[in-house]
Amino acid sequence: MAVNSAVGAFDAVIVRFVAAEVHPFGIVFFRNLFSLLFLAFFLGRIGPHPFRSPLWPVHCLRAVMKLGALVAYFYAVTLLPLSVAIAVAFTTPLFVSLGSILFLGERPRPLRLLALAAGFGGVWIVLRPDAVPVGMGAVLALGAAVALAGVALLMKVSSSREPALRIVLFNLLVTVPVAFLLCLPVWTTPSAGSLLLLAVQGAGGLAAQFAFARAMKLADASLLILVDFIRLPLAVFLGLALFGEPVEIAVFVGGGIILASLLLLLRQERRAARQGP
């Protein structure tokens, strides 16, 4: 999980470094292209027929939503301080829980609603819309979190019927050509240095997915959420060291509240699973 979280922070740093040269559509294309190339080395682990699946419509919908989430997030990273963008990214589980109540028929238990209210209160503290006008960066960051929540909800539909590697493979098979078509109107050929960074980003993104899947099998989910929180102080440090971004106490306070709300949500979901419908 620490590997997954560190890659997430450095992912945003690479976007910052290449964004002046490569459009976010192009960043998404090259990132996913390199991930697909590296994934080719692992096709044998999927099974004898890696490209067969009865869930193509679900895979395509999830891939398009994830593509939109990546584009929105990469745009947001260029408009917001790293720490703010990553703190808002923590809200994805909140939207997953809200979506489970609205669309999957899960019960809106009081403590669950309290956790959701606290989590979104943490987002308010991070973004401070009462003091700072809500700009396009905040809208895009929240939009990315909502889209990733939709991806997670669709994952609930297919994860019990498909191996994780096949889900990743189909996601990349859809997003690479679609991202290529999107970036054609704004195409710029990256320099050798930017291309190397994008290759590192693609390999890191794939490694992060493998690390996350492995972590979920080896450790308790509450521990993983706590470990994942290292992304926030790491983003604060990288933002200060590389881009001169000031350290904002509100980001730590709001991020801490979001973390506490996620742990409370996890506790409620476990209790609900033990009690049954």
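Residues numbered from 1 in each chain as written. Predicted model: local features only at pLDDT ≥ 70, side-chain atom pairs only at ≥ 80, totals over all residues. Heavy atoms only, no water.

**Here we look at helix H1 (residues 2-18)**
Okay, step 1: Given a rise of 1.5 Å per residue, 17 residues ought to cover 24 Å, and the 25 Å separating the end C-alpha atoms of H1 matches this to within 8%.
Okay, step 2: Of all the positions in H1, only Asn4, Ser5, Gly8, Ala9, Asp11, Ala12, Val13, Ile14, Val15, Arg16 and Val18 are classed as buried. (Helix = DSSP H or I, 4+ residues; strand = E, 2+ residues; numbered from the N terminus. Expected span 1.5 Å × (residues − 1). Buried < 20%, exposed > 50% of the residue type's maximum accessible area, 1.4 Å probe, protein only.)

**Points about the pattern of salt bridges**
Note on pairing: side chains with opposite charge can pair once their charged atoms come close.
Okay, step 1: Throughout the structure, instances matching the rule amount to four salt bridges.
Okay, step 2: Measuring nitrogen to oxygen at the nearest pair gives 3.2 Å for the salt bridge that ties Asp11 to Arg31. Taken together, the positions of Asp11 in helix H1 and Arg31 in helix H2 (residues 24-39) put the pair 20 residues apart, joining distant regions of the chain. Here Asp11 and Arg31 have matching classes, each one buried.
Okay, step 3: Arg16 serves as the salt-bridge partner of Glu245, at 2.7 Å between the closest nitrogen and oxygen. Remark: Arg16 occurs in helix H1 and Glu245 occurs in the loop between helix H11 (231-243) and helix H12 (249-275); sequence separation between them is 229 residues. For the residue pair Glu245 and Arg16, the accessibility class agrees, reading buried in each case. (Salt bridge = Lys/Arg side-chain N within 4 Å of Asp/Glu carboxyl O.)

**A closer look at the packing of helix H3 (residues 56-79) against helix H8 (residues 164-183)**
Okay, step 1: H8 packs onto H3 with a crossing angle of 55 degrees between their chain directions and a minimal axis gap of 8 Å. The angle between H3 and H8 falls in the class oblique. The element H3 and its partner H8 pack so that their crossing is right-handed. Touching Trp56, His59, Cys60, Arg62, Ala63, Val64, Lys66 and Leu67 of H3 are Ile167, Phe170, Asn171, Val174, Thr175, Val178, Ala179 and Leu182, all from H8.
Okay, step 2: Split by residue class, the contact of H3 with H8 holds eleven nonpolar, three polar and two charged. (Axes fitted to C-alpha atoms, helices over the stretch in contact; angles between N-to-C directions. Parallel < 35°, antiparallel > 145°, perpendicular 65-115°, else oblique. Left-handed = near helix turned anticlockwise from the far one by under 90°. Contact = heavy atoms within 4.5 Å. Nonpolar A, V, L, I, M, F, W, Y, C, P; charged D, E, K, R; others polar.)

The analysis is restricted to geometry; functional conclusions fall outside its scope.
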